[in-house]
Amino acid sequence: MAFQFNFDIGQEQNDVGEDSTGLTSISGANKCDKAVVDSRKACDILRPAKELYAPQSLPETQSCAVEALRVSDLELLFLNPEDVEFDRLLESLENDSDVSTATESHSDLIPNVYEGGLKVWECSIDLVHYLHEAEVPLENKHVLELGCGAGLPGIYASKKGAAGVHFQDYNEEVIEHMTIPSVVLNRSQDGPTNQDLRFFAGDWSLVQQKLISSNPDTKYDIILTSETIYSVDSHDKLYQILRALLRPNGVIYIAAKTHYFGVGGGTRIFEDLVRQRKEFNIEVCKTFTEGVKREILKMAFLEAS
Ligand SMILES: C[S@@+](CC[C@H](N)C(=O)[O-])C[C@H]1O[C@@H](n2cnc3c(N)ncnc32)[C@H](O)[C@@H]1O
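Each chain carries its own residue numbering, running from 1 in the direction its sequence is written. This being a predicted model, a pLDDT of at least 70 is required before a residue's local features are given, and a value of 80 or more before pairs of side-chain atoms are given or counted; all residues contribute to the totals for chains, interfaces and linings. Each side-chain value is worked out from all heavy atoms of the structure, with water and hydrogens disregarded.

As annotated in an unreviewed UniProt entry, the chain carries the name protein-histidine N-methyltransferase and is attributed to Patiria miniata.

Below you can see the structure in the form of structure tokens.
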């Protein structure tokens, strides 16, 4: 069975398209698709926190088609989730894996089971372009990408000389079959060899506990996250991990839609939550108006600003 993204061919546009949820992904050659949220299969058991390790080479995924995002003179590589070989790889996963559950039900999101990391969502592209245009300093910074999927913003940070980039996704399968291969593909012969690249799977609340219990001083200069505020139910968890892991003078960049129709989240509602708690300064630093309205939010601790 093929892994499907529920394309609505009749409504295909150039590279963005609004759907009932306001979630839009970019898969392969700028197609737009519908995000299918299957809440009937939602699960109360959160995915535990786990660290995964990158291999030196990519025996299994090497044959998958590779896509590139060009940002000025940089090329960011990632696996094309629409590729047949990638489909085969997903088919070979255990029948009861979270990803196969999503595959079988043709769902792009199943709350607390599969959170959509096997696609490249459009706001991750927005975030990469923003980091580049705004010349956000990344060199020698310790960076965390939360809810990374393919991890393009984190990969960009690593190419810009970050001291380290830690990637996190809800699903272990996403880290193993999408994030790690994409990060490894971008490792160049002449790139930094001592960069601290680490990979974590699991629910934000449990990843937060794991990181802090293994080292109470774990903090990041920059935290990046894209398309992770679609569900209001997860806003508090995301807020808590951001608050716990940001250095006192660190900065957070959140790329997201203004409103996710049908699932209720979005930038305005998350911004309200942040303002109510009076711990962070939060501002919109870029708005994208073509297609579905999207924004980049910037957050920093109030005391630091
Ligand atoms: C729509 S995908 C976006 C993937 C990627 N950032 C992009 O823009 O292409 C949402 C991501 O949020 C993460 N996520 C959502 N809820 C989460 C939770 N409760 N704990 C950990 N990660 C979560 C998942 O890792 C998932 O990959």
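This is not the end of the story, as more comes after the structure.
**Quick look at the packing of helix H6 (residues 204-214) against helix H7 (residues 235-245)**
The relative placement of two packed helices comes down to the angle between their axes together with the axis-to-axis distance. Look at H6 against H7: their axes get within 9 Å of each other, and the N-to-C directions meet at 20 degrees. By the angle between their directions, the pair H6 and H7 is classed as roughly parallel. Relative to H7, the crossing made by H6 is left-handed. In this structure, H6 contributes Trp204, Ser205, Val207, Gln208, Leu211 and Ile212 to the contact, and H7 contributes Lys237, Leu238, Gln240, Ile241, Ala244 and Leu245. Split into classes, the residues belonging to the contact of H6 with H7 amount to eight nonpolar, three polar and one charged. For helices, the fitted axis covers only the stretch in contact; all axes are lines through C-alpha atoms, and the angles between them, taken along N-to-C directions, range from 0 to 180 degrees. A run of H or I in DSSP becomes a helix once it reaches four residues, and a run of E becomes a strand once it reaches two; helices and strands are each numbered from the N terminus. Under this scheme an angle from 65 to 115 degrees is roughly perpendicular, one under 35 degrees roughly parallel, and one over 145 degrees roughly antiparallel; angles in between are oblique. In this scheme the handedness of a crossing depends on how the near helix is turned from the far one: anticlockwise by less than a right angle means left-handed, clockwise means right-handed. Contacts are assigned to residue pairs with any non-hydrogen atoms lying within 4.5 Å of each other. Ten residue types, Ala, Val, Leu, Ile, Met, Phe, Trp, Tyr, Cys and Pro, are classed as nonpolar, four, Asp, Glu, Lys and Arg, as charged, and the remainder, Gly among them, as polar.

**Observations regarding the layout of surface pockets**
It is the rolling of a water-molecule-sized probe over the atoms that shows where space remains empty. Size it by volume and the second largest pocket reaches roughly 230 Å³. Computed over the protein atoms alone on a 1 Å grid, cavities are sets of points where a 1.4 Å probe fits but cannot get out and pockets are open sets with protein on both sides within 12 Å along at least five of seven lines; a residue lines them when it has an atom within 4 Å of a point. As for the second largest pocket, its lining consists of Val37, Leu109, Pro111, Asn112, Glu115, Tyr230, Ser231, Val232, Asp233, Ser234, Lys237 and Val263. The residue inventory of the lining of the second largest pocket, partitioned by class, reads six nonpolar, three polar and three charged. Grid points are joined across faces, edges and corners, and a volume is the space filled by probe spheres set on the points.

**Focus on the nonpolar core**
Residues belong to one nonpolar core when they are buried, are Ala, Val, Leu, Ile, Met, Phe, Trp, Tyr or Cys, and are joined through side-chain atoms within 4.5 Å. Buried, partly exposed and exposed residues are distinguished by accessible area as a fraction of the type maximum, computed with a 1.4 Å probe on protein chains only: under 20%, between the cut-offs, and over 50%, respectively. Grouped together as the largest cluster of nonpolar side chains are 52 residues, with contacts concentrated most on Leu69, Leu76, Leu118, Val143, Leu152, Tyr156 and Tyr253. Counting residues in each nonpolar core, the second largest holds 30 residues, with Trp204, Ile223, Leu246 and Ala256 among its members.

**Observations regarding the sheet that holds strand E12 (residues 294-301)**
Two strands in a sheet stick together by hydrogen bonds in their backbones, pointing the same way (parallel) or opposite ways (antiparallel). Strands qualify as paired when DSSP identifies two bridges or more between them. Across the sheet, which stays open at both edges, the eight strands sit in the order E2-E8-E7-E6-E9-E10-E12-E11 with mixed pairing between neighbours. Each edge of the open sheet is held by one strand with a lone partner, namely strand E2 (50-52) and strand E11 (280-288). The mean angle between the axes of side-by-side strands here comes to 20 degrees, regardless of whether they run parallel or antiparallel. With six bridges connecting them, strand E9 (residues 220-226) and strand E10 (residues 246-257) associate as parallel partners. By the bridge assignment for E10, tyrosine 220 is matched with leucine 246. The sheet contacts of helix H4 (residues 152-159) involve strand E6 (142-146), strand E7 (164-169), strand E8 (196-201) and E9, and relative to E7 the element is tilted by about 170 degrees. On top of the sheet, H7 reaches E6, E9, E10, E11 and E12; it is set at about 150 degrees to E10, its chief contact.

**Regarding the environment of glutamate 172**
For glutamate 172, the location among the structural elements is in helix H5 (residues 172-185). Residue glutamate 172 is classed as partly exposed on the basis of its relative accessible area, which comes to 31%. When the C-alpha positions of glutamate 172 and phenylalanine 199 are compared, they lie 9.4 Å apart, and in sequence the two are 27 residues distant. In this view, glutamate 172 contacts Lys50, Leu52 and Ala201; residues no more than four positions away in its chain are not counted. For glutamate 172, the side chain forms a polar contact with the side chain of lysine 50, separated by 2.7 Å. Throughout this description, a polar contact denotes any pair of N or O atoms lying within 3.5 Å of each other; where both atoms belong to protein, one of them has to be capable of donating a hydrogen while the other can accept it, and for residues adjacent in sequence the pair is counted only when both atoms sit in side chains.

**So, the pattern of salt bridges**
Criterion for a salt bridge: a side-chain nitrogen of Lys or Arg within 4 Å of a carboxyl oxygen of Asp or Glu. Under the criterion given, the structure shown has 17 salt bridges. The partner of glutamate 51 in a salt bridge is arginine 198, with the nearest N and O atoms 2.8 Å apart. Residue glutamate 51 is found in strand E2, and its partner arginine 198 is found in strand E8; the two are separated by 147 residues along the sequence. Classification of glutamate 51 by relative accessible area gives buried; the value is 16%. The salt bridge involving glutamate 271 is made with arginine 275; its shortest N-O contact spans 2.9 Å. Residue glutamate 271 and its partner arginine 275 are located together in helix H8 (residues 267-277), separated by four residues, close to a single helical turn.

**Side note on the site of the ligand**
Surrounding the ligand, one finds 20 residues, the nearest of these being Trp121, Gly147, Asp169, Tyr170 and Ser226. In this structure, a nitrogen atom belonging to the ligand sits 3.3 Å away from a side-chain N or O atom of glutamine 168. Note that a nitrogen atom of the ligand is positioned 3.0 Å from one of the backbone N or O atoms of tryptophan 204. Relative to its unbound accessible area of 580 Å², the ligand is 99% covered by the protein chains. For a cavity or pocket, the test is whether more than half of a molecule's atoms lie within 2 Å of its grid points; if they do, the molecule sits there. A molecule is said to occupy a pocket when more than half its atoms come within 2 Å of that pocket's grid points, and by this definition the ligand occupies the largest cavity. Every element with two or more residues in the shell around the ligand is listed here: strand E5 (120-121) and E7. Residue composition of the shell around the ligand, by class: six nonpolar, eight polar and six charged. Nearness of a residue to a molecule or strand requires only that one of the residue's heavy atoms be within 4 Å of it. Areas reported here follow the Shrake-Rupley algorithm with a probe of radius 1.4 Å; residue values treat only the protein chains shown as occluding.

**Thoughts on empty space enclosed by the protein**
Under the defined criterion, the tally for this structure stands at one cavity of 30 Å³ or more. Quantified by volume, the largest cavity comes out at close to 380 Å³. If you trace the largest cavity, you find 29 residues lining it, with Glu115, Gly147, Glu227, Thr228 and Tyr230 closest to the centre. Its residues assigned to classes, the lining of the largest cavity comprises 10 nonpolar, 12 polar and seven charged.

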